[in-house]
Amino acid sequence: MPEETDIAAVEIKIDGKVHVWDIDDPVLPDWIDAKALSSGKYPYKKKLDDEEYQETLERLQEELVKVQFWQQKSGARVMGLFEGRDAAGKGGAIQSIMSYMNPRTARVVALTKPTETELGQWYYQRYISTFPTRGEFVNFDRSWYNRAGVEPVMGFCTPEQYEKFLRNTPRFEKLIADEGIHFFKFYIDIGREMQLKRFHDRRHSKLKSWKLSPMDIAALNKWDDYSEKRDRMLKETHTDHAPWTVVLGNDKRRARLNMIRHILDALDYEDKDKKAIGAIDHKVIGKPGILK
């Protein structure tokens, strides 16, 4: 493993019980594995069948290709924003959307930490410069909502900056709506044991090990802090003009299909095949109240 991800065993407290977890042990502990899928608010006992998933995904991706043709003809701008804890499945969801879209007019924005110049700018400024132009479909893998979650939890912003963000963001997003951009905000929620399982999978994968950082491990025992910030974020920034769509993401397959369905349902594009889109599963996707 890369030197920067060398991590010692950590103590994790769940429901009042302390577990010692050695992430370098290739065997996933039973206390994680047994509860991973059912952790959090997830309503299903089994993952969606892979064959059904692949067949449904292909039909939905065909509809997304139609969306791009419609955008090229109409000039419509579409913007998706994906938030969630580490390992929630943001990148995979975006990839499922983008797989067969024309990369000339569909792109992903995943900004690194701000430069010194950007730190001196209006907070939203570096994001605005990446917004879609005519006919573009842009997805944000994390966004300005860093200031509603990771920044206050990890001490990367001041309490005053955090409160200012919560006050100003609904007004900022009203400008996006008024501009006529089709704007989707997704928060993907996963259970604690599922997050640990995915961290373990990353640690022991030569292809995914780069996704796990010491900061991910440092945040493990800040679960409640992140939950508190998540709930405050949803309360303060869920508006009629820019609503949050919350996705229960323990099963990535169901999560991805229903996020794509949500987007397709909302867009009035040509040759729309409602039968191919299918029905949204409201057990796994809905308004912020789905978390209660």
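In what follows, the structure referred to is the one given above.
Treat the numbers as computed from the prediction; the structure is a model and nothing was measured.

Conventions we followed
Throughout, a residue's number is its position along its own chain's written sequence, starting from 1. Totals for whole chains, interfaces and linings use all residues, but because this is a predicted model, local features are given only for residues with pLDDT of at least 70 and pairs of side-chain atoms are given and counted only at 80 or more. Based on all heavy atoms of the structure, the side-chain values leave hydrogens and waters out of the count. Definition used for salt bridges: Asp or Glu carboxyl oxygen within 4 Å of a side-chain nitrogen of Lys or Arg. Here a helix means four or more residues in a row that DSSP labels H or I, a strand means two or more in a row labelled E, and each is numbered from the N terminus. Exposed residues in this analysis have more than 50% of their type's maximum accessible area, buried residues have under 20%, and partly exposed residues fall in between, with area computed by a 1.4 Å probe over protein chains only. Stacked, tilted and edge-to-face are the three classes applied to pairs of Phe, Tyr and Trp rings, where Trp contributes its six-membered ring and a pair requires centres within 6.5 Å; stacked means planes under 30 degrees apart, edge-to-face means over 60, and tilted covers the rest. Criterion for a charge above a ring: Arg CZ or Lys NZ at most 6 Å from the ring centre, at most 35 degrees from the ring normal. What makes two residues a contact is simply this: any of their non-hydrogen atoms within 4.5 Å. The axes used here are C-alpha line fits, helices contributing only the stretch in contact, and every angle between their N-to-C directions lies in the interval 0 to 180 degrees. Note on angle classes: values under 35 degrees are labelled roughly parallel, values over 145 roughly antiparallel, values of 65 to 115 roughly perpendicular, and the remainder oblique. Definitions for this section: a left-handed crossing has its near helix turned counterclockwise from the far helix by less than a right angle. A right-handed crossing has that turn clockwise. Throughout, the ten residues Ala, Val, Leu, Ile, Met, Phe, Trp, Tyr, Cys and Pro are labelled nonpolar, Asp, Glu, Lys and Arg are labelled charged, and all others, Gly among them, are labelled polar. Within the patch definition used here, like charges are joined within 9 Å and nonpolar side chains (Val, Leu, Ile, Met, Phe, Trp, Tyr) within 5 Å, considering only residues with over 30% relative accessible area and no salt bridge. In these tables, accessible area is a Shrake-Rupley quantity obtained with a 1.4 Å probe, and a residue counts as shielded only by the protein chains included in the view. Under the counting rule used here, the positive set is Lys and Arg, the negative set is Asp and Glu, and His together with the chain ends is not counted. Working definition for charges: the position is that of NZ of Lys, CZ of Arg, CG of Asp or CD of Glu.

K.L.:
Residues and numbers for the pattern of salt bridges, please.
P.N.:
Taken as a whole and assessed by the stated rule, the structure comprises 19 salt bridges. Close ionic contact of D189 with R230 constitutes a salt bridge, the shortest N to O distance being 2.8 Å. Of this pair, D189 sits in strand 6 (residues 182–189) while R230 sits in helix 10 (residues 223–237), and the two are 41 residues apart along the sequence. Here R230 falls in the buried class, since its relative accessible area comes to 13%. Salt bridges linked by common partners bring E63, K66 and D271 together as one network.

K.L.:
Tell me about the packing of aromatic side chains, and name the residues and values.
P.N.:
Enumeration according to the criterion identifies 19 aromatic pairs in this entry. Clustering of aromatic rings is evident, with ring pairs tying together W122, Y123, Y124, Y127, F131, F140, W144, Y145, F165, F172, F183 and W244. A cation over an aromatic ring shows up here: K229 above the ring of Y162, its NZ or CZ 5.6 Å from the ring centre.

K.L.:
Could you give an account of the environment of Q72, with specific residues and numbers?
P.N.:
Secondary-structure assignment places Q72 in helix 2 (residues 50–74). Residue Q72 is classed as partly exposed on the basis of its relative accessible area of 42%. In contact with Q72, not counting residues within four places along its chain, are N102 and T105.

K.L.:
Could you give an account of the packing of helix 2 against helix 11 (residues 252–266), with specific residues and numbers?
P.N.:
Axis angle and axis distance: for two packed helices, these are the angle between their axes and the distance between the axes, and together they describe the pair. In the contact formed by helix 2 and helix 11, the axes pass within 10 Å of each other and the chain directions differ by 25°. One element, helix 2, and the other, helix 11, form an angle in the roughly parallel class. Our pair here, helix 2 against helix 11, has a crossing hand that is left-handed. Counting all contacts with helix 2, which are made through D50, Y53, T56, L57, L60, E63, L64 and V67, the residues of helix 11 involved are R253, R256, L257, I260, R261 and L264. Here the residues of the contact of helix 2 with helix 11 are counted per class, giving eight nonpolar, one polar and five charged.

K.L.:
I'd like to hear about a positive patch on the surface, residue by residue, with values.
P.N.:
A contiguous patch of positive charge on the surface is contributed by K47, K208, K211 and K252. Structurally, K47 is set in the loop between helix 1 (30–33) and helix 2.

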